[in-house]
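A closer look at the structure
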Amino acid sequence: MWLYTHIPEMECPRCHSPLIVVEYDDVELDCCTKCEGLWFDSGEMQLVAAKAGRDAEACASMAPASTSEKTLKCPLCHKAMNKRFLGTGEPVVADVCPACDGLWLDKGELEHVLSQSSSGSEDAPSLSHLRRTFGNLASPATSDDSKETGAAG
């Protein structure tokens, strides 16, 4: 079951839209319905990678990145985040909070990182589900303070 919740105190660090909480397989991710970025609290990226059948350690290695990208503020503690390379092969530039260890990924970066850290099958069922879900973030109705979708129960 999916649960979408509006969290007014957390804003997207990229576009400043409100973030919603999406709970999937016991992992809560904060998502922007406008720019489709994802916020991972400390350790959540490794949980998502493991549940997707990917190498969690490859998703945890982060070397400093030198880039001209705008510095973003952490949506949780509002500290300036550092740019870090995430993934293997062709890593993405992720934004990591030095204070709370949270991680921001822009649209498409989660799929990119998980597709590189394959530890077996090319396309685990949970990775396919993540692709479908986070590729359609703008579709859930978010006009109410909270919206529950999925199986009734």
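Residues numbered from 1 in each chain as written. Predicted model: local features only at pLDDT ≥ 70, side-chain atom pairs only at ≥ 80, totals over all residues. Heavy atoms only, no water.

1. Concerning the pattern of salt bridges
- This model, assessed by the stated rule, comprises 5 salt bridges.
- In this structure, the salt-bridge partner of Arg14 is Asp95, at a minimum N-O distance of 3.9 Å. Of the two residues, Arg14 sits in the loop between strand S1 (2–11) and strand S2 (18–24) while Asp95 sits in strand S7 (residues 92–96), which places them 81 residues apart along the sequence.
- Overall, Arg14 belongs to the partly exposed group, its relative accessible area being 28%.
- In the salt-bridge network here, residues are joined through shared partners; they are Arg14, Glu69, Lys83, Asp95 and Asp106. (Salt bridge = Lys/Arg side-chain N within 4 Å of Asp/Glu carboxyl O. Helix = DSSP H or I, 4+ residues; strand = E, 2+ residues; numbered from the N terminus. Buried < 20%, exposed > 50% of the residue type's maximum accessible area, 1.4 Å probe, protein only.)

2. Some points on the nonpolar core
- Phe40, Met45, Leu103, Leu105, Leu110 and Leu114 are the most contacted members of the largest nonpolar core, which has 22 residues in total.
- Grouped together as the second largest cluster of nonpolar side chains are 10 residues, Cys32, Trp39, Cys97 and Trp104 included. (Core = buried A, V, L, I, M, F, W, Y, C linked by side-chain atoms within 4.5 Å.)

3. Topic: the side chain of Asp30
- Positionally, Asp30 belongs in strand S3 (residues 27–32).
- For the buried Asp30, no salt bridge exists, and the shortest N-O distance to an oppositely charged side chain is 16 Å, to Arg14.
- Other than its neighbours up to four places away in sequence, Asp30 contacts Met10, Leu19, Ile20, Val21, Gly37, Leu38, Trp39 and Asp41. (Lys, Arg positive; Asp, Glu negative; His and termini not counted. Contact = heavy atoms within 4.5 Å.)

4. Topic: helix H2 (residues 109–116)
- Among the residues of H2, those classed as buried are Glu109, Leu110, Val113 and Leu114. All buried residues of H2 project into a common sector of 125° when viewed along the axis, lining one side. (Arc of directions from axis to C-beta.)

5. Some points on the environment of Gly53
- With respect to the secondary-structure elements, Gly53 resides in the loop between helix H1 (44–51) and strand S5 (62–64).
- Of the residues examined, Gly53 reaches a relative accessible area of 36% and is grouped as partly exposed.
- Sequence separation between Gly53 and Leu114 is 61 residues, and the spatial gap between their C-alpha atoms is 8.9 Å.

6. Let's talk about the side chain of Glu109
- Locating Glu109 in the fold gives a position in helix H2.
- Despite its burial, Glu109 remains without a salt bridge, the nearest opposite charge being carried by Arg14 at 6.4 Å.
- When neighbours within four sequence positions are excluded, Glu109 is seen to be in contact with Val92 and Val93.

7. Considering the confidence of the model for the protein
- Confidence in the prediction for the protein averages 78 pLDDT; 70% of positions are at 70 or higher.
- Least confident of the elements in the protein is strand S9 (residues 146–149), whose mean pLDDT is 38; most confident is strand S8 (residues 103–105), at 96.
- In the model, residues 137–153 has pLDDT below 50 throughout and makes 27 contacts with residues more than four positions away in sequence or in other chains. (pLDDT = per-residue confidence, 0-100.)

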